[in-house]
Amino acid sequence: MSNRRLLFLSRRQVIRGLLATGAFGVTARLGTACSTPSATGAAGGAGAGTVNLGFVYVGPKDDYGYNQAHAEGAAGMSKQLPWATVVEEASVPETTAVEETMLNMINQDGIAALFPTSFGYFDPYILKVAKENPEVQFFHCGGLYKEGVTPNNVGSYYGYIDEAQYIAGIVAAHTSKTGKLGFIAAKPIPQVLRNINSFTLGARSVKPSLTTQVVFTGEWSLPVKEAESANSLADQGIDVLTCHVDSPKVVIETAEKRGIFSSGYHANQATLAAKGYLTGAEWNWVKIYSDYAEQIRAGKTLINGGIPHLVRGGLKEGFCKLSDYGPAVSAEAKNAAEAAKAQFLDGSLVIYKGALQDNTGKPVLAAGKEYQQNDLALEEMGWLVDGVIGSTSS
Amino acid sequence: MISRRNWRATLEPVCIPVAALLVSLVLFGLFCALAGANPLAVYAAIYKAAFGSWFSFQNTLIRAAPLMLSSLCTALPALLGLVIIGNEGALVIGALASIIVGLPLVPVASPLVVLMAMALAGIVGGGLWIMAVGALRYYRAVNETISSLLMNYIAIALLNHLVGGPIRDPSSLNKPSSFPLPDAFLLGDIPGTRVHYGLIYGLIACAIAYFLMRHTTFGFAVRTVGGNIRAARIAGLPVGKLTLIICFLAGSCAGLAGMVEVAAVHGRVSASLNANYGYSSILVAFIARQNPLAAVLVSILLGGILASGGILQRSLQLPDATVLVFQGLVFLVVLYSESLYGRLAIFKPQPNKEKSDGNGSPRLVGSAAGNHGGNAAG
């Protein structure tokens, strides 16, 4: 009995199975047929005066941080320039995956220039793909270009965002009641130390008795530890918190929950802390990417020398900006911040001016000397300025 | 192998994972439809990006290479009844060991010697790391899944500590990493391709593992312990020794994967080593049902899925996490399908066999369809 029933069922299922397979086969063919022309259409569009630019991010595009800043830059650029098409891929790890992404963009999307935005993409991935594709231009965020060593079709750009951090420090100093500021940082590397020092120097230009307590989490993205650090800093009586991690979201949210002030980084986090958000040091990649796109469209390239290999700048050159001031920022603080900003714009303000000593009492800059923003000594910074509580070895 | 008597039993471990994959494809299609993309276009794009041309298939193979080796780290101990998920940690330790041994040898030895020494160091480093998990399990009865998972974090912390301090190249300012291996000492690509030699190592390791587990007395002993540890003890099998050996072998495969990452991809050790290959390879081992040969195929499949992540973003404007959703769906459905083994009547040995061949083949198709339907209903 059971055998017969099985037989009957299986026959019905044969028909069903055949129908389903047939339907899937037909539609899959249709599907491929539909998708092919759209792909060729995009490639065909490349010839008609448009410029295809490829962007690669290491994390998600909506991380409220580093990657969001770049993605907003790319989106803003393509909005301003209708002829620029953005091809983008997010959450690409710093492994062979990024090599493959770049090759795919070159071979399948016909891009004119690539913007792999994560620091760790440079060596060996960009260098390798750039050598194999000498006609494609690579622009890397991080300022790692070395004359004579780096391939000719690789350029790099980076901004002096510590200028914005200096102003954020001024605002923080005007707002803080306890005189204690907090800084949650990823790793004790020069880029990060520079932001901590500039923030502290900005704050101490207002009140020389202020201190900045720094906590290194050890990783670019470690939300749990960032939240723990924010809580412990709040417990210590710190009332303005800022950070340098990939996504400041957790830090800003925790500060708001604890009822203290916060200052953002990378992108605008005002929506995360309606009450306590003071201002923030933001990248302004729209300007940079639009400039590059215009130059590329005009036929200038890194290879023919039309585009400089190393592009850097601060507030004046439009590489970074400040978030709009939050409701807690006093008129006095705003005036002080705007005054400092004006000085940055006319180039009269130098952050690192002697005499400076580090937080162990060792002199790092003699009286009467100063480091301009493009000074290489600043890019090898390994010290924390007087007024910072913490150590680079922790 | 496939005789008339046991074809049902042979088909079971083939049909169930394949059906599980199909079901997860359907679920993923639903997800894509909800996200506003045409599921058929998505399938077509995945196929094109993963297997469509030699150019894209190389992309798949590049991603599959580290998965094969490190999946053995889960697959081998599973035959002994241990669920070890310390692949990531063993990979990182293997990478660290290989660079620590390799760098001092660079000035005094030829590239071949350096690479051999690095591979050996990676194998021993990763092996000892997982052997510690096995020892904890056998001598102290510590749950091996938890301890191997936690040891991943220790390994990553150790990596961060070493590249941030003791083995740091002072010129790596903003991205702490070890001194680089000179170009001449790197493991090159397989001639004519973009794929590095890690793929060959993976294939060889999987083949050796298969032979060792299925066709040697050692493998038989391991599977006996995995089947019934008490019976194995009574039979006089050295359970402790087998546990340690199998854990060492498992860790050594992941350690070798770490060495390949250093010598073929990164050229140095830095935090980027920690790229979740270890976790993806757990998935590979489970889908392959701990069979080393199946792990090769599944690695290629998963490599294909990962390779297609890019095109989903670039031409279909799906979010970057889409490919992770797909991977998660596959994992869930496959785990669920594990519960179906031995429960589908169709795969059970039938008391009275068919005589005519005419009925045999439609039954086969029908059985696959029935199995598929059963999964979908669940």
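Residues numbered from 1 in each chain as written. Chains lettered and ligands numbered in written order. Predicted model: local features only at pLDDT ≥ 70, side-chain atom pairs only at ≥ 80, totals over all residues.

Asks: How would you summarise the overall build of chain A if you had to cite specific residues and measurements?
Replies: When you go through chain A residue by residue, the secondary structure sums to 10 helices and 17 strands. Out of the 394 residues in chain A, the part that is buried amounts to 50%. (Helix = DSSP H or I, 4+ residues; strand = E, 2+ residues; numbered from the N terminus. Buried ≥ 20, exposed ≤ 12 C-beta atoms within 10 Å, placed from the backbone.)

Asks: Requested: an account of the overall build of chain B, with residues and values cited.
Replies: Scanning chain B from N- to C-terminus turns up 14 helices and zero strands. The order of helices and strands in chain B, counted from the N terminus, is α-α-α-α-α-α-α-α-α-α-α-α-α-α. Here the C-alpha atoms of chain B give a radius of gyration of 22 Å, agreeing with the 21 Å that 2.2 N^0.38 yields for 378 residues. For the C-alpha atoms alone, the extent of chain B along its principal axes is close to 75 × 60 × 35 Å. Burial statistics for chain B: of 378 residues in total, 51% are counted as buried. Pairs at least 24 residues apart make up 78% of the contacts formed inside chain B by residues separated by at least 6 positions. (Rg over C-alpha atoms; globule rule 2.2 N^0.38 Å. Contact = placed C-beta atoms within 7 Å.)

Asks: Give a detailed account of the pairing of strand β4 (residues 137-141) of chain A, specifying residues and quantitative values.
Replies: Residues and elements named next belong to chain A. The buried fraction of β4 is high, at five of five residues. Here β4 shows a buried face lined by Q137, F139 and C141 and a second buried face lined by F138 and H140. As paired strands, strand β3 (residues 113-116) and β4 are joined by two bridges and run parallel to one another. Bridge pairing in β4 links L114 to F138. (Pairing = 2+ DSSP bridges.)

Asks: Explain the pairing of strand β2 (residues 84-89) of chain A residue by residue, including any values.
Replies: All names here are of chain A. Where burial is concerned, most of β2 is hidden: five out of the six residues are buried. Summarising the sheet, strand β1 (residues 51-56) and β2 pair through six bridges and their orientation is parallel. When the sheet's bridge partners are listed, V56 is paired in β2 with E89.

Asks: I'd like a description of the packing of helix α1 (residues 7-34) of chain B against helix α2 (residues 39-51) of chain B, backed by residues and values.
Replies: Residue and element names in this part refer to chain B. Where α1 contacts α2, the axes come no closer than 8 Å and their chain directions differ by 120°. Between α1 and α2, the angle is such that the two are oblique. Taken as a pair, α1 and α2 cross one another with a handedness that is right-handed. For the pair formed by α1 and α2, the contact residues are G29, C32 and A33 on the first element and P39, V42 and Y43 on the second. When grouped by side-chain class, the residues that make up the contact of α1 with α2 number five nonpolar, one polar and no charged. (Axes fitted to C-alpha atoms, helices over the stretch in contact; angles between N-to-C directions. Parallel < 35°, antiparallel > 145°, perpendicular 65-115°, else oblique. Left-handed = near helix turned anticlockwise from the far one by under 90°. Nonpolar A, V, L, I, M, F, W, Y, C, P; charged D, E, K, R; others polar.)

Asks: Tell me what's going on with the packing of helix α5 (residues 111-140) of chain B against helix α10 (residues 239-266) of chain B, and back it up with residues and numbers.
Replies: All names here are of chain B. Running from N to C, α5 and α10 cross one another at 140°; their axes reach a closest spacing of 5 Å. When the axis of α5 is compared with that of α10, the two are oblique. Of the two elements, α5 crosses α10, and the hand of that crossing is right-handed. Counted by class, the contact of α5 with α10 contains 20 nonpolar, 11 polar and one charged residues.

Asks: How would you explain the environment of V142(B) if you had to name every residue and give the values?
Replies: Residue and element names in this part refer to chain B. Of note, V142 is situated in the loop between α5 and α6 (144-164). On the neighbour-count criterion, V142 (15 C-beta atoms within 10 Å) is partly exposed. Once the C-alpha coordinates of V142 and T224 are considered, the two residues, 82 residues apart in sequence, prove to be 22 Å apart. The residues touching V142, leaving out its near neighbours within four places in the chain, are L136, R137 and S147.

Asks: How would you summarise the environment of Q327(B) if you had to cite specific residues and measurements?
Replies: Residues and elements named next belong to chain B. By the secondary structure assignment, Q327 is in helix α13 (residues 322-338). Residue classification places Q327 among the buried residues on the basis of 20 C-beta atoms within 10 Å. Taking the C-alpha atoms as reference, Q327 lies 29 Å from L158; in sequence the two are 169 residues apart. Those residues in contact with Q327 that sit more than four places away from it in its chain are L283 and I305.

Asks: Describe the sheet that holds β3(A), and please don't skip the residues or the numbers.
Replies: All names here are of chain A. Taken together, six strands build an open sheet; the order of strands is β2-β1-β3-β4-β5-β11 and the sheet is parallel. Looking at which strands have only one partner, the edges of the open sheet turn out to be β2 and β11 (310-313). Going from strand to strand, the sheet's axes swing by 20° on average, the running direction of each strand aside. Sheet topology places β4 next to strand β5 (residues 154-159); four bridges connect them, and they run parallel. By the bridge assignment for β5, F138 is matched with V154. Taken strand by strand, helix α4 (residues 122-132) contacts β3, β4 and β5, and its axis lies near 165° from that of β4. Helix α9 (residues 285-297) rests against β1, β2, β3, β4 and β5 of the sheet, and its axis sits at about 140° to β1.

Asks: Give me the lowdown on unusual backbone geometry, citing residues and values where you can.
Replies: All names here are of chain A. At the junction of D123 and P124, the peptide bond is cis and its omega measures out at 10° in the coordinates. Note that P124 resides in helix α4. The linkage connecting G354 with the following residue, A355, adopts the cis geometry, with an omega of -5°. Its location among the elements puts A355 in the loop between β13 (352-353) and β14 (356-357).

Asks: Now, about the sheet that holds strand β12 (residues 320-322) of chain A: what can you tell me, with residues and values included?
Replies: Residues and elements named next belong to chain A. As summarised here, the arrangement of the seven strands in space is β12-β10-β9-β8-β6-β7-β17, forming an open sheet in which the pairing is mixed. Each edge of the open sheet carries a strand with a single partner, namely β12 and β17 (388-389). Pairing analysis gives two bridges linking strand β7 (residues 211-216) to β17, with the strands arranged parallel. Following the sheet pairing, Q213 is matched in β17 by I389. The sheet contacts of helix α5 (residues 162-175) involve β6 (180-185), β8 (240-244), β9 (261-266), β10 (277-283) and β12, and relative to β10 the element is tilted by about 175°. Each of β6, β8, β9 and β10 is contacted by helix α8 (residues 249-257), which is oriented at about 170° to β9, the strand it contacts most.

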